[in-house]
Amino acid sequence: MGSESLNSGFLFSELREGREGVQFERMLRALSFVLHQWCQFSGTRTPLYGEPASQSLSVIQFDKLALFVFRLWNEMYHRHGVREHTANESPAIDSRVLTFPSPFTELPGKHGRGPARFDGKSPPIYIIDSLYALQSDGIFYFQITPPADARNNPKDHRTIVTAGDVNTDTNQFLSGFNSREIEVLREMGNGLKHLGPSEVRALGTHENCQKTREDIVKEFVDMRPHRIAVAERLGESQPFFNASREMVEYADEAWRKSKDNRRDYANAHRIMLTEIGDPDVRSAFSGCQETTEHIWDHPTIRAYVEPAENAWSFTKCLHAISIYQREDEKAVASRQARAMWKEGIEHRRKQQLNVPASEIDEVFMPGTRQIAPQVQERLINMVESITL
Amino acid sequence: MISTTANPIWGTPLDLIVQEQPVRKLGHRGSAPIERQLHTFLQNQIREWFPDLIVVIERKGTAILRALKEGAESFEWPWSKVVSSDIIEQVSNEFFENKRVLIFDDTMNTGYHLNELLTNFSKRGLGDKVKIRVAVFAVHESSFSGFPFQGEIVPHAWFYRSLTTTSYQAINAQIVRMLQQAGSLMLDTEHVEVRLRLHGSFSKFVEALQRNSDAIVFRSAGGRTNITVLYNDDEAHSLPADRLPSNTLCSKIVKKCRIVQRSTDEFAIIPICFPSVTEKMEEWSLSRSDQAMLGSNAKADYKTRFYDVGLIAALEVLRWALKDLAIWGVDNYTLSLPQRLDDRASNDGYDLEHLRAMYPALDIGCLTDRIAEVERIAASEGNALRAYRFESRKTPVYTDQELRRDALCLLSAMRLIADQRTVEKGVRYGWENSNSFHWEGLTLGEIYGLGEDLNWTDDRITTLFDILIDEATLSTDIAPFYCPDGVTRIVRTFSPAGEIVSELVRRYTTQWGLPHGL
């Protein structure tokens, strides 16, 4: 037993006035610095879906970049930070340690976690909303550009993010950080700049097997109400466009997380371990990012691949039907529906999964947009089979 | 090297601010001790309004009343006329009808608990059959206008009003400190207790308690020495299933004994046990003696069942503790058992009358006799084993500083998980109904699971609970929980206590980070 008593109000005595603001400001500056390094990089990196190299990230990729930067920073803070130290004890702190953790919390979003703030009273404020508000107030650590038809919605998936213009003189820009913190940020930036956008996204999305497992399960759980809605609408011969669109999104995420992200994550993990020179940062990286094998070779994750592929390819077919079925369907939509149907069917054939019909036209009764009764029954059965 | 004073990242310590004396809105400073202020406030309410009954809002209500009754200035009000808000739903309408009910809350921020209680009265059709007065000691400025109830604005009376958050926190801290100095009263308002005067050495006392269990020593606020003894789910510490309702779960539950120092060599032994009863009413063959002790409505509803089963189980835990002490040797201590109210000579001894607030149907005399019987059995069992040598468990020793840091980490972790769950519900179901899914507590099993991630043992976690409960930063409640065997049971849940504490915990997490491993 120690001699010191647990004095009342011990929660108060650990808290500081005027600290969070400094932490937020510095963490955002740190993120801007890392993004700036990524944007300025002129070397080769894996392009996204065969597109030419880009100097900006989509909002989803940026969100994952932030998630990863804060995660690695926190890991370093836990290993080489001042957490054990209280300001009352000592007047000095070694400048070789990290002095603060990321003030953002990882909170659930529609398709996985994101850095955010939550006060328990109002909905959480995700990082992109905070940054867009700052930009609107003339603080340009980042340049956030929502699409022209959604000017006030930085969360729109088409929004792009680049580093702000303020980042010219590194020493000045990182003023207030100690030398160790600057070294850590440089290491992070040096590693990250070699990653393609999809690799950044994979690294932020995944960190270990347990969370990956939970994320995949969550996609299926969140898909459930839409699955039920589609089955009901099908049973009533009603259109189901909105519900099937939601199903496609959840199924796509489940498939990415259970299988498709593996390659990007493996590349990202390998590149980071190659590029990070500082042994402490490298060790912290390994401590907070499990290896590809640890995550995707785990029997549970392996067991999720088949249901996720089934969901992915089937929801493609299903949504293609719902597009095709719409009364206001135009030629463009029809082409989109046929392409989506083809993608789904080809995948199912390749995976030797049963198909609702060979061609999309066979789904409907001749000359109508009504689904043929035998296909309708098959579709309902298939919708109900979309589970883990 | 960086100076902490020069580096703005450290900020200014917050405790300097909250130690300020709050200012009464009426213009004069509350310079009298908080105990005196509470005493005056409540006594005035009683003198002016002549209530028949006081309903105290938990978590601190009963504890305050007990502190006042046992304090230097006697507070005359019988426990038979006190009802805890925790069990309001279990008390029949007839009990309240045609009575003048004084509802007492120590503090009011959003008024959520008060509103909930008053709504309960209304829903039960008691609105016009009961005369209600609401008295709140300290009201936050966010509740300045109060809220309407039956054509009147509540609260009807207050001692402090329009308090800023800082002053409100300061009042809260003073009340908590008063309770801590009164002897961890936050804890023993719903539990039985036996007192012990120690003659032998303290370390041998701890060793005796560690004979077959883990015991951790810490010093709580006010410098009181505490021991938390955790009883594992082993054969020696199994509960009597035949005396509990069918399908009651007795593993991964709260099953411990707290030993709290009352004075230099006097300790209170407080057994605590809460088996998880089924939500659905299962068969319960109550023995005649249990039935007599628990009173007529023991089987009434799951909440009553939960607490009644907890009382029976706590007596079993008491037996384990007293048995371990008896093996050590009765000449090392003197036990002082609770007395029936009728048997108490003026100021000698103590009774368990305060339990009436939580257990209105309980026969306190019967319970007092049962405790005496438990002591006899434990002494007999212990004496029979005295000849054997036992090796005490080697429970790890933690410093108060370590425990204090871990307690904050645990609170942070719990707040994070509860927040993540709230956000998940908001994302899934929309934020329109978000009020309905706030304040969800974590079960003990979930918190032990968290402990595994943080490399903490169960005995360490249960000690952290005690520290946080004594600090009034952790709330306990009960809630239905879907168990892995497919049965929904009523379980003990834990969550950071209230909006103000949660806000401080979130700030703590922001400033110092989450515990590593989450």
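Residues numbered from 1 in each chain as written. Chains lettered and ligands numbered in written order. Predicted model: local features only at pLDDT ≥ 70, side-chain atom pairs only at ≥ 80, totals over all residues.

(A) Inspection of the overall build of chain B at higher detail. Counting its regular elements, chain B contains 14 helices and 18 strands. Against the compact-globule benchmark of 24 Å for 518 residues, chain B has a radius of gyration of 23 Å, which places it among compact chains. Each principal axis of the C-alpha distribution contributes one length, and for chain B these read about 70 × 70 × 50 Å. Here chain B holds 518 residues, and 47% of them are scored as buried. At a minimum sequence separation of 6, the contacts of chain B that also span at least 24 residues come to 75%. (Helix = DSSP H or I, 4+ residues; strand = E, 2+ residues; numbered from the N terminus. Rg over C-alpha atoms; globule rule 2.2 N^0.38 Å. Buried ≥ 20, exposed ≤ 12 C-beta atoms within 10 Å, placed from the backbone. Contact = placed C-beta atoms within 7 Å.)

(B) Representation of the pairing of strand E13 (residues 249–263) of chain B in the model. Residues and elements named next belong to chain B. When strand E12 (residues 225–230) meets E13, the two strands line up antiparallel, connected through five bridges. Bridge assignment links leucine 230 to a residue of E13, and that residue is lysine 256. As paired elements, E13 and strand E14 (residues 266–278) share ten bridges and run antiparallel to each other. When the bridges of E14 are listed, cysteine 257 appears paired with proline 271. Once E13 ends, the chain turns through two residues before running back antiparallel as E14. (Pairing = 2+ DSSP bridges.)

(C) Focus on the sheet that holds strand E6 (residues 131–140) of chain B. All names here are of chain B. Pairing is parallel in the open sheet, where five strands are placed in the order E4-E3-E5-E6-E9. In the strand order of this sheet, the two ends are held by strand E4 (82–84) and strand E9 (157–163), each with one partner. Within the sheet, the average angular offset between the axes of one strand and its neighbour, ignoring direction, is 25°. Summarising the sheet, strand E5 (residues 100–108) and E6 pair through eight bridges and their orientation is parallel. When the bridges of E6 are listed, phenylalanine 104 appears paired with alanine 135. (Axes fitted to C-alpha atoms, helices over the stretch in contact; angles between N-to-C directions.)

(D) Molecular detail of the sheet that holds strand E8 (residues 160–163) of chain A. All names here are of chain A. Ordered by their spatial adjacency, three strands build an open sheet running E2-E8-E7, and the pairing between neighbours is antiparallel. Each end of this open sheet is capped by a strand with a single partner; those strands are strand E2 (57–58) and strand E7 (142–145). Pairing analysis gives two bridges linking E2 to E8, with the strands arranged antiparallel. Its bridge partner lying in E8, serine 58 is registered against isoleucine 160.

(E) Here's a closer look at unusual backbone geometry. Residues and elements named next belong to chain B. Following valine 154, the chain continues to proline 155 via a peptide bond in cis, the omega torsion being 5°. Along the chain, the position of proline 155 falls in the loop between strand E8 (152–154) and E9. A positive phi is found at phenylalanine 50, a non-glycine position, where the angle reads about 50°. As for its position among the elements, phenylalanine 50 is in the loop between helix H2 (34–49) and strand E3 (53–56).

(F) Quick peek at the packing of helix H8 (residues 209–235) of chain A against helix H12 (residues 299–325) of chain A. All names here are of chain A. The geometry of H8 relative to H12 is characterised by a closest axis approach of 11 Å and an angle of 30° between their N-to-C directions. Regarding H8 and H12, the two cross each other, and that crossing is left-handed. On the side of H8, the interface is formed by Cys209, Thr212, Arg213, Ile216 and Val230, while H12 contributes Thr300, Ile301, Tyr304, Ala308 and Leu318. In terms of residue class, the contact of H8 with H12 is made up of seven nonpolar, two polar and one charged. (Left-handed = near helix turned anticlockwise from the far one by under 90°. Nonpolar A, V, L, I, M, F, W, Y, C, P; charged D, E, K, R; others polar.)

(G) Molecular detail of the confidence of the model for chain B. Residues and elements named next belong to chain B. Here chain B averages 87 in pLDDT, and 91% of its residues register 70 or above. Counting contacts from residues 16–20, a segment whose pLDDT is below 50, to residues more than four positions away or on other chains yields eleven contacts. The low-confidence segment residues 25–29 (pLDDT under 50) makes six contacts with residues lying over four places distant or belonging to another chain. The ipTM for the predicted assembly is 0.87, set against a pTM of 0.87. (pLDDT = per-residue confidence, 0-100.)

(H) Representation of the packing of H8 of chain A against helix H9 (residues 241–275) of chain A within the structure. All names here are of chain A. Their axes nearest at 8 Å, the elements H8 and H9 cross at an angle of 155°. Between H8 and H9, the interaxial angle falls into the category roughly antiparallel. Where H8 crosses over H9, the two elements pack in a sense that is left-handed. Judged by residue contacts, Thr212, Asp215, Ile216, Glu219, Phe220, Asp222, Met223, His226, Arg227, Ala229, Val230 and Arg233 of H8 engage Ala243, Ser244, Glu246, Met247, Tyr250, Ala251, Glu253, Ala254, Lys257 and Ser258 from H9. Each residue belonging to the contact of H8 with H9 can be placed in one class, and the counts come to ten nonpolar, four polar and eight charged. (Parallel < 35°, antiparallel > 145°, perpendicular 65-115°, else oblique.)

(I) Here's a closer look at the environment of valine 154 of chain B. Residue and element names in this part refer to chain B. Mapped onto the elements of the fold, valine 154 is located in strand E8. For valine 154, a count of 22 C-beta atoms within 10 Å corresponds to the buried category. Considering only alpha carbons, one finds valine 154 and aspartate 308, 154 residues apart in sequence, at a separation of 33 Å. If we ignore the near neighbours within four places in the chain, the residues touching valine 154 are Leu114, Val134, Gly146, Phe147 and Phe149.

(J) Representation of helix H4 (residues 127–136) of chain A in the model. All names here are of chain A. Restricting attention to buried positions, one finds in H4 the residues Ile127, Ile128, Leu131 and Tyr132. The buried residues of H4 occupy one face: seen down the axis, they fall within an arc of 130°. For H4, the exposed residues set more than 90 degrees away from the buried face come down to Ala133 and Ser136. Of the surrounding secondary structure, the elements contacted by the buried residues of H4 are helix H3 (59–80), strand E5 (112–117), strand E6 (125–126) and E7. Directly beyond the C-terminal end of H4, a positive phi value near 90° is found at glycine 138. (Arc of directions from axis to C-beta.)

(K) Region of the structure containing the pairing of E3 of chain B. Residues and elements named next belong to chain B. By the bridge criterion, four bridges tie E3 to E5 in an arrangement that is parallel. Directly across from valine 56, in E5, lies its bridge partner phenylalanine 104. This β-α-β element, E3 to helix H3 (residues 61–70) to E4, shows right-handed connectivity. (Right-handed = clockwise from strand over helix to strand, strands pointing away.)

(L) Seen up close, the nonpolar core. All names here are of chain B. Counting 141 residues, the largest nonpolar core has Ala138, Val229, Ile269, Ala314, Val317, Leu318 and Ala321 as the members making the most contacts within it. It is helix H9 (residues 302–328) that contributes the most residues to this core, 18 residues altogether. Sequence-distant contacts of alanine 138, that is, excluding residues within four places in its chain, are made with Asp106, Thr107, Phe159, Tyr160, Leu163, Tyr168 and Ile171. (Core = buried A, V, L, I, M, F, W, Y, C linked by C-beta atoms within 7 Å.)

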